[in-house]
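Per-entry structural report
Chain residues, written in single-letter form:
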Amino acid sequence: MIERIVPAEVETAEAYGDLAEATLFPEEALLVKSAVQQRRGEFATARHCARQALTRLGAPAGAILTGERGSPLWPRGVVGSITHCAGYRAAVVARPAHVTSIGVDAEPALPLPSGVLEAVALPDEQIAVKELLESVPGIPWDRLLFSAKESVYKAWFPLTRRFLEFEQARLVFDPVGGTFTAHLLAGPARAGDRTLHTFDGRWLSEKGIVLTAVAIPA
Ligand SMILES: CC(C)(COP(=O)(O)OP(=O)(O)OC[C@H]1O[C@@H](n2cnc3c(N)ncnc32)[C@H](O)[C@@H]1OP(=O)(O)O)[C@@H](O)C(=O)NCCC(=O)NCCS
């Protein structure tokens, strides 16, 4: 389902649980050698998805190591993003000729634990979430906001190499169009000769999962 929220030029692969055929290169296995089984499983399956997507893109599907602040290290000439949550793993990749940076995030479609919304949402975002929970029921808007912020960060970081606090982006959802806009309060991101004050994203909530994506077109 992730292909529905990214541009057509983006290659995607997803899995609704861990895959027995998912294997790691030795240098990838070293990255999770001390991790619990659940982490090793999601790591291997998401990298398996990434290699499927890279192959479809016509890019080398080798080891994907981890770089600065946990970001995945893609082959030269590829941008991409990885996500995993209970019951879902996905990877997306594209060519910089089409997409400058991309971030995706999946979360279980459940309300956030008590107190988390207040920690990750600005006061006007909290008001908007509460209004949406009443006017458009059936969608965990608080969790969707959280996921969208993580997608914003995953697209932001490769461009800026800077952390982004949760209060440094103000998100506005279009509940009908399945889109959102992130206003970058930490200052703009540079993408080539462009200065970006906002990122545009898309979302969906289906099969017990909320999914968000921010793809910055080239
Ligand atoms: C990094 C972070 C976004 C990951 O999100 P998550 O919901 O915990 O986990 P997900 O499974 O969806 O994503 C994990 C994947 O994100 C990718 N990732 C991690 N750090 C990253 C970074 N700095 N930049 C881009 N991608 C990153 C990795 O591929 C990772 O999977 P892997 O370790 O198996 O390779 C989150 O842990 C975090 O640090 N958030 C704080 C920053 C933030 O979100 N700010 C909001 C600004 S509005």
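Notes on the structure follow.

About the cut-offs
Residues numbered from 1 in each chain as written. Predicted model: local features only at pLDDT ≥ 70, side-chain atom pairs only at ≥ 80, totals over all residues. Heavy atoms only, no water. Pairing = 2+ DSSP bridges. Helix = DSSP H or I, 4+ residues; strand = E, 2+ residues; numbered from the N terminus. Axes fitted to C-alpha atoms, helices over the stretch in contact; angles between N-to-C directions. Contact = heavy atoms within 4.5 Å. Phe/Tyr/Trp six-rings, centres within 6.5 Å; stacked < 30°, edge-to-face > 60°. Buried < 20%, exposed > 50% of the residue type's maximum accessible area, 1.4 Å probe, protein only. Near = heavy atom within 4 Å. Polar contact = N/O pair within 3.5 Å; in protein donor to acceptor, adjacent residues only side chain to side chain. Areas by Shrake-Rupley, 256 points an atom, 1.4 Å probe, with all protein chains shown as cover. Nonpolar A, V, L, I, M, F, W, Y, C, P; charged D, E, K, R; others polar. Domains from an automatic or database assignment.

**Here we look at the sheet that holds strand 6 (residues 179–184)**
Taken in spatial order, the five strands line up as 4-10-9-6-5 in an open sheet, and their pairing is antiparallel. The sheet is open, and its two edges are formed by strand 4 (99–108) and strand 5 (169–174), each paired on a single side. Pairs of neighbouring strands in the sheet enclose a mean axial angle of 20°, with direction left out of account. As defined by bridge partners, strand 6 adjoins strand 9 (residues 198–206) across five bridges and the pair is classed as antiparallel. For phenylalanine 180, the partnering residue across the bridge sits in strand 9 and is glycine 201. Here helix 5 (residues 141–160) sits on the sheet in contact with strand 4, strand 5, strand 6, strand 9 and strand 10 (209–217), set at roughly 150° to strand 4.

**Regarding the sheet that holds strand 2 (residues 79–85)**
If you trace the three strands from one edge of the open sheet to the other, you get 1-3-2, paired in antiparallel fashion. A strand with exactly one partner marks an edge of an open sheet, and here the two such strands are strand 1 (11–15) and strand 2. Strand after strand, the sheet turns through a mean of 5° between neighbouring axes, direction not considered.

**Considerations on the packing of aromatic side chains**
As enumerated under the stated definition, the model contains seven aromatic pairs in all. Judged by centre distance (5.9 Å) and plane angle (75°), the rings of tryptophan 141 and phenylalanine 173 are edge-to-face. You can see tryptophan 141 sitting in helix 5 and its partner phenylalanine 173 sitting in strand 5, a full 32 residues away along the chain. This pair shows no difference in class: tryptophan 141 is buried, exactly as phenylalanine 173 is. Ring geometry for tryptophan 141 against tryptophan 203: centres 5.1 Å apart, planes inclined by 70°, an arrangement best described as edge-to-face. Remark: tryptophan 203 occurs in strand 9 and tryptophan 141 occurs in helix 5; sequence separation between them is 62 residues. Grouped by ring-pair contacts, the aromatic residues Trp141, Phe173, Phe180 and Trp203 constitute a single cluster.

**Topic: the site of the ligand**
Among the 22 residues in the neighbourhood of the ligand, the closest are listed as Arg39, Thr83, His84, Asp105 and Glu150. A distance of 3.1 Å separates a nitrogen atom of the ligand from a polar backbone atom of arginine 69. Separating an oxygen atom of the ligand from a side-chain N or O atom of lysine 154 is a distance of 2.8 Å. Protein burial of the ligand: of its 930 Å² of free accessible surface, 83% is covered by the chains. Every element with two or more residues in the shell around the ligand is listed here: helix 2 (37–57), strand 2, strand 4 and helix 5. At five residues, helix 5 tops the list of elements feeding residues into the shell around the ligand. Per-class residue counts for the shell around the ligand are nine nonpolar, four polar and nine charged. Here the shell around the ligand spans two domains, since at least three of its residues come from each of domain 1 (2–95) and domain 2 (105–217).

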